[in-house]
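Overview (structure and organization)
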Amino acid sequence: MVDAAELLWLSVIDSMDAAHALRSAMGESGPMQASTDTLTLTRPDDWHLHLRDGEVLRTLVPHSAAQFARAIVMPNLRPPVTTTAQALAYRDRILAAVPAGVAFEPLMTLYLTDQIAPEEIRRARAAGVVAAKLYPAGATTNSDSGVTGLRTVYPVLEAMQREGMRLLVHGEVTDQTVDLFDREAAFIEQQLIPLRRDFPELKIVMEHITTREAAQYVAGAGAHTAATITAHHLLYNRNAIFTGGIRPHYYCLPVLKRETHRVALVEAATSGSNKFFLGTDSAPHASQLKEHAMGCAGCYTGHAALEMYAEAFDQAGALDKLEGFASFHGADFYGLPRNQGTVTLKREKWTVPDSYVYGEANLKPLRAGEVLPWKVVA
Ligand SMILES: NC(=O)N[C@@H](CC(=O)O)C(=O)O
Ligand SMILES: [Zn+2]
Ligand SMILES: [Zn+2]
């Protein structure tokens, strides 16, 4: 039975549909869409990127350079980048893979180990290395040489605080008794809060945050704490890993979380707060190592990262907040100049390739074979 109130509601829906049909028939879209089919931004930067090494640079570097002016390059190679000399040599190998006529600046980082000496920080800073990365030993891909306890590296952190070197953190505890989905929140309580207290002037970036707890912590933590957020953590919740079967290409660390956390990340990213900025954590692995009984952690998004961020911001009705997040907040936090020049995205469907050449292997990008709504056109 349909009562009067319901009838009224049905007629409201009907007239909304009619209005929509009329607009479509007239070739019009709503007022917001009309002004946002083209989006021009100051050239953005990627503040968290894995470029790996060797032949695969020829695939990865052009993808990133097509969208971003600069990128913070993660040091978790095998062996890790632990010295200034290694960082500079790696930088040269990256630059050799930048296509002719394209400007791309890799910003180098050191991998903190229990053994690293405070003098290395001074040397690195003088050579233009911008940050050092803390991987709790065992927390993620190529973290076996990471730090076993924060106290061990306190002299190095003191040097970093003095030198103005940024500390980048993979913020997950490695305690096997802590649930995988709780490891970020536990890290904040157990490690980050004490660290913040002991080094009040140290500039810390909590990388690839994945939880409401992390977003709230960073928002309230004062001017020297910031966070990067990936496109995939804005677009997906943990169901993506299990939809219709196990989907290894959605597996990364920190692992995707519940929908409530994704929503909190979208709110943080689109809030306009300068404490949150773009870091893709594009983390390629050969497809046979992802599609494996013990598949590697990491999603490859370097082929379409900016387009995926545009999609996420668009879904949130916040395209006007994308430029701050992608092009301003990170540069400001790192004390680097904002970029000159622009990049333009268009609302134009395109299909992501099924795979890319990856040295001798294949690389399966996130959204392989799928249609994306936004495209970088200039
Ligand atoms: N994010 C990932 O799942 N993997 C990264 C490492 C990291 O950023 O933790 C990688 O290097 O593959
Ligand atoms: Zn990490
Ligand atoms: Zn990473």
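Quick summary incoming for the structure in this document. Think of each chain on its own: its residues are numbered from 1, step by step along the sequence as written. Here every chain gets a letter starting at A, and every ligand a number starting at 1, in the order they are written. This being a predicted model, a pLDDT of at least 70 is required before a residue's local features are given, and a value of 80 or more before pairs of side-chain atoms are given or counted; all residues contribute to the totals for chains, interfaces and linings. Remark: hydrogens and water are excluded; side-chain values derive from all non-hydrogen atoms of the structure.

1. Things to note about the overall build of the protein chain
This is how the line gets drawn: Each helix is a run of DSSP H or I of at least 4 residues and each strand a run of E of at least 2, with the numbering of both proceeding from the N terminus. The size measure is the radius of gyration over C-alpha atoms, and the globule rule it meets is 2.2 Å times the number of residues to the 0.38 power. Throughout, a contact is declared for two residues whenever any of their heavy atoms are within 4.5 Å. Where accessible areas are quoted, they stem from the Shrake-Rupley method and a 1.4 Å probe; at the residue level, only the protein chains shown are allowed to cover. The charge count includes Lys and Arg as positive and Asp and Glu as negative, but it does not include His or the ends of the chains. Each charge is placed at NZ for Lys, CZ for Arg, CG for Asp and CD for Glu.
For the protein chain, the count of helices and strands is 13 helices and 13 strands. Taking 2.2 N^0.38 as the reference for a compact globule, 378 residues should give roughly 21 Å; the C-alpha atoms of the protein chain span a radius of gyration of 22 Å, in line with that estimate. With respect to the principal axes defined by its C-alpha atoms, the protein chain has extents near 75 × 45 × 45 Å. Intrachain contacts of the protein chain at a sequence separation of at least 6 include 73% that bridge at least 24 residues. Split by element, the accessible area of the protein chain, about 16,400 Å² in all, is 54% carbon and sulfur. On the protein chain, the mean spot of the 35 positive side-chain charges and the mean spot of the 42 negative ones are 4 Å from each other.

2. Points about the packing of aromatic side chains
What counts, and what does not: Any pair of Phe, Tyr and Trp rings, taking the six-membered ring for Trp, is counted once the centres come within 6.5 Å. Such a pair is stacked with planes under 30 degrees apart, edge-to-face with planes over 60 apart, and tilted for the rest. Three exposure classes are used, based on accessible area relative to the maximum for each residue type with a 1.4 Å probe and protein chains only: buried under 20%, partly exposed in between, and exposed over 50%. The criterion is that NZ of a Lys, or CZ of an Arg, lies within 6 Å of the ring centre and within 35 degrees of the ring normal, and then a charge sits over that ring.
Throughout the structure, instances matching the rule amount to 10 aromatic pairs. Aromatic pair Tyr 111 and Tyr 135: ring centres 5.1 Å apart, planes at 35°, arrangement tilted. Taken together, the residues span a long stretch of sequence, with Tyr 111 in strand E4 (residues 105-111) and Tyr 135 in the loop between strand E5 (131-134) and helix H6 (154-163) at a distance of 24 residues. Across the pair, Tyr 135 and Tyr 111 agree in class, each one buried. For Arg 238, the ring lying beneath its charged end belongs to Phe 181, and the centroid distance is 4.7 Å. Across the ring face of Phe 328, the terminal group of Arg 338 is positioned such that the distance to the ring centre comes to 4.0 Å.

3. A look at the nonpolar core
For clarity, the threshold we go by: What we call a nonpolar core is a set of buried Ala, Val, Leu, Ile, Met, Phe, Trp, Tyr and Cys residues that are connected through their side-chain atoms within 4.5 Å.
Counting residues in each nonpolar core, the largest one holds 102 residues, and the members touching the most others are Leu 51, Leu 112, Leu 157, Met 160 and Leu 167. Not counting residues within four places of it along the chain, the set of residues in contact with Leu 157 comprises Leu 112, Leu 167, Leu 195, Phe 199 and Leu 202. One finds Trp 47, Met 74, Val 130 and Leu 168 within the second-largest nonpolar core, a separate group that totals 15 residues.

4. Comments concerning the sheet that holds strand E7 (residues 204-206)
Note the threshold: For two strands to count as paired, DSSP must find a minimum of two bridges between them. Only the stretch in contact is used when a helix axis is fitted, and all axes are lines through C-alpha atoms; the angle between N-to-C directions ranges over 0 to 180 degrees.
Reading across the sheet, the 8 strands line up as E2-E3-E4-E5-E6-E7-E8-E9 and stay open at both edges, with parallel pairing between neighbours. Edge positions in the open sheet fall to strand E2 (46-49) and strand E9 (276-278), since each of these has one partner strand only. Each strand of the sheet is rotated relative to its neighbour by a mean of 30°, with strand direction disregarded. Where strand E3 (residues 70-73) lies against E4, 4 bridges are found, and the strand directions are parallel. Bridge pairing in E4 links Val 73 to Met 108. Its contacts with the sheet put helix H8 (residues 212-219) on E7, strand E8 (225-229) and E9, and the angle it makes with E8 is roughly 145°.

5. Focus on the layout of surface pockets
Put simply, the rule reads: The pocket and cavity definitions rest on a 1 Å grid over protein atoms only: a 1.4 Å probe that fits but cannot leave marks a cavity, an open set with protein on both sides within 12 Å along at least five of seven lines marks a pocket, and residues lining either have an atom within 4 Å of a point. Grid points are joined across faces, edges and corners, and a volume is the space filled by probe spheres set on the points. Residues are grouped as follows: nonpolar covers Ala, Val, Leu, Ile, Met, Phe, Trp, Tyr, Cys and Pro; charged covers Asp, Glu, Lys and Arg; every other residue, Gly included, is treated as polar.
Taken as a whole, the largest pocket encloses approximately 350 Å³ of empty space. Lining the largest pocket are 17 residues, and of these Tyr 251, Met 294, Gly 295, Cys 296 and Ala 297 sit closest to its centre. Grouping the amino acids of the lining of the largest pocket by side-chain chemistry returns 13 nonpolar, 3 polar and 1 charged. In this structure, the second largest pocket encloses a volume near 250 Å³. Lining the second largest pocket, in full, are Arg 52, Asp 53, Asn 76, Leu 77, Arg 78, Thr 141, Asn 142, Pro 284, His 285, Leu 289, Cys 296 and Tyr 358. Looking at the lining of the second largest pocket residue by residue, the classes come out as 5 nonpolar, 4 polar and 3 charged.

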